[in-house]
Amino acid sequence: MDHLKKTTACVADLKKRAKRRIPGFAFDYVEGGCNSEVALRGNRAALDAVKLRADYLVPYKAPDLTTELLGQFYSAPFGIAPLGLTGIVWPNATLFHARAAKQSNIPFVLSTLSTNSIEQAAECAEENFWFQLYPPSDLSIRSDLMRRAEEVGCKNLVVTVDVPAAGQRPRDIKNGLAIPPRISPKSVFQSALCPAWSIATLTAGLPQFASITPYMKDVSNMEDVANYIRTTLKDVVDQEMLKTIRDAWRGNLIVKGVNNVGDALLAVEAGADGIIVSNHGGRQLDAAQSTVDTLQAIKSAVPEHIVVMVDSGVESGVDIARFLSHGAACVFAGRAFLYGVGAHGEPGAQHTIDILSEELTQVMAQLHCELPSQVVGNRIN
């Protein structure tokens, strides 16, 4: 991967290169937030405000990123967040991420709305495979998705709770990416400017929601897909639904989208084993608090055995350290990994992991922290 460093030494470089290599509507889908993008900017500002203290004269040991989560050891305290519609960035981007996660031994979370199926992704990620569930209102479909996840060996089910309504994302609406998508002269022109992307997409075919395609028996066009997703695929998740899912799932239950103490305690009461503190990367509620501002209170409020993780706004290894300093056991990144694939195709997935690992190792060395759990002692309040 040394040759990739010469062109893309950080996630910001990946983002710039991806912007040149994928169509504008695909880049906007990844980069954008909801409404006026206040929450998106707030995530960045809140992380930038976190300062860390370096204790240079205390005993030093080389950093070891190894992390235990939910009974499994990983090689770093970060993972790949669930990413929907990944095929719009690059065909089979999900599988690129899954293979890289397995190779580097970090968690990989597959979205219900990924463009590769549960079975395909699990074959690539193996024991590092987690599945994120948007619980369908149709109980038979919900049960079957969970069955499929269990059959491929998934031990960690991630239930997302912060999408009671679709996010209002002006960039996607203007680009025709609201379902059903709209092909316009603008989108055709943008695609023509990205020949490598266009060839790859034409070869692979238009992205499909691969995990849910088997259930769309009477769907003949994109308008039907839109109606299906609105009426059948996603249901509003509350505590009672979490309890129902808890009763049906034999593995670890992780609740994603928690961003206040009250919801965290309700999730624990419902039987959650872990929580991912999240504001959906600023893509759902534009007035949401930044997760780095809510993480410590949530961590302090829940029982010690609950694994508290986090996402939203990660752009560097420094950001991962900032979240670790507030008590996160694991930090998930989303956009960074899509920029990586957009910038370099499949090698970009591994390159993104390498960038974040090297940056985090450097920060921990600066702080004289041997283990990720020790970073919490180096935050400047």
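Quick caveat, the model's predicted, so the values are computed rather than measured.

Procedures and definitions
Residues numbered from 1 in each chain as written. Predicted model: local features only at pLDDT ≥ 70, side-chain atom pairs only at ≥ 80, totals over all residues. Heavy atoms only, no water. Helix = DSSP H or I, 4+ residues; strand = E, 2+ residues; numbered from the N terminus. Rg over C-alpha atoms; globule rule 2.2 N^0.38 Å. Buried < 20%, exposed > 50% of the residue type's maximum accessible area, 1.4 Å probe, protein only. Right-handed = clockwise from strand over helix to strand, strands pointing away. Expected span 1.5 Å × (residues − 1). Contact = heavy atoms within 4.5 Å. Phe/Tyr/Trp six-rings, centres within 6.5 Å; stacked < 30°, edge-to-face > 60°. Lys NZ or Arg CZ within 6 Å of the ring centre and 35° of its normal. Core = buried A, V, L, I, M, F, W, Y, C linked by side-chain atoms within 4.5 Å. Axes fitted to C-alpha atoms, helices over the stretch in contact; angles between N-to-C directions. Parallel < 35°, antiparallel > 145°, perpendicular 65-115°, else oblique. Left-handed = near helix turned anticlockwise from the far one by under 90°. Nonpolar A, V, L, I, M, F, W, Y, C, P; charged D, E, K, R; others polar.

**Looking at the overall build of the protein chain**
Within the protein chain, the regular secondary structure consists of 17 helices and 12 strands. In terms of C-alpha radius of gyration, the protein chain reaches 20 Å, essentially the compact-globule figure of 21 Å for 381 residues. Referenced to the eigenvectors of the C-alpha coordinate spread, the extents of the protein chain come out at roughly 65 × 50 × 40 Å. By the burial criterion, 57% of the 381 residues in the protein chain qualify as buried.

**Thoughts on the pairing of strand β10 (residues 307-311)**
Extensive coverage of β10 is indicated by the burial of 5 of its 5 residues. A two-sided burial pattern is seen for β10, the buried positions comprising Val307, Met309 and Asp311 on one face and Val308 and Val310 on the other. For the handedness criterion, the β-α-β arrangement of strand β9 (residues 274-277), helix α14 (residues 291-301) and β10 is classed as right-handed. With respect to chirality, the unit in which β10 leads through helix α15 (residues 317-324) into the neighbouring parallel strand β11 (residues 331-333) is right-handed.

**Comments concerning unusual backbone geometry**
You will see that Glu37, though not glycine, has its phi angle at about 60 degrees, which is positive. By the element assignment, Glu37 lies in the loop between α3 (24-31) and α4 (38-48). Not every positive phi belongs to a glycine, and Leu70 is a case in point at roughly 50 degrees.

**Brief notes about helix α17 (residues 346-367)**
Between the first and last C-alpha of α17 there are 33 Å, a value that for 22 residues agrees with the 32 Å anticipated at 1.5 Å per step. Two residues or fewer after α17 comes His368, characterised by a positive phi angle close to 60 degrees.

**A few points about the side chain of Asn378**
Structurally, Asn378 is set in the loop between α17 and β12 (379-380). A residue is classified by how much of its surface remains accessible, and Asn378, at 5% relative accessible area, is buried. Setting aside residues no more than four positions away along its own chain, Asn378 makes contact with Lys51, Leu52, Arg53, Asp55, Leu367 and Cys369.

**Some points on the packing of aromatic side chains**
Evaluated as defined, the whole model comprises 5 aromatic pairs. Centre to centre, the rings of Tyr74 and Trp130 are 6.5 Å apart; their planes meet at 65 degrees, and the pair counts as edge-to-face. With Tyr74 in strand β3 (residues 72-74) and Trp130 in strand β6 (residues 129-133), this residue pair connects regions lying 56 residues apart in the sequence. A relative accessible area of 1% places Tyr74 in the buried class. Connected via pairs of aromatic rings, a cluster forms that spans Tyr74, Trp130 and Phe332. Its end group placed over the ring of Tyr29, Arg283 keeps NZ or CZ at 5.0 Å from the ring centre.

**Points about the nonpolar core**
Membership of the largest hydrophobic core comes to 102 residues, with the highest contact counts inside it found for Phe78, Phe108, Phe129, Phe131, Leu157 and Phe323. Element by element, the count of residues in this core is highest for α17, at 8 residues. The contacts of Phe78, once residues within four sequence positions are left out, are Ile106, Pro107, Ile320, Cys330, Val331, Phe337, Ile353, Leu356, Ser357 and Leu360.

**Remarks on the packing of α15 against α17**
Relative orientation of the contacting elements α15 and α17 amounts to 55 degrees, with a least axis distance of 7 Å. One way to sum up the angle between α15 and α17 is to call them oblique. With respect to the hand of their crossing, α15 and α17 are arranged in right-handed fashion. Packed against α15, whose contacting residues are Gly317, Val318, Ile320, Ala321 and Leu324, the element α17 presents Leu356, Glu359, Leu360 and Val363 at the interface. For the contact of α15 with α17, the residue count by class is 7 nonpolar, 1 polar and 1 charged.

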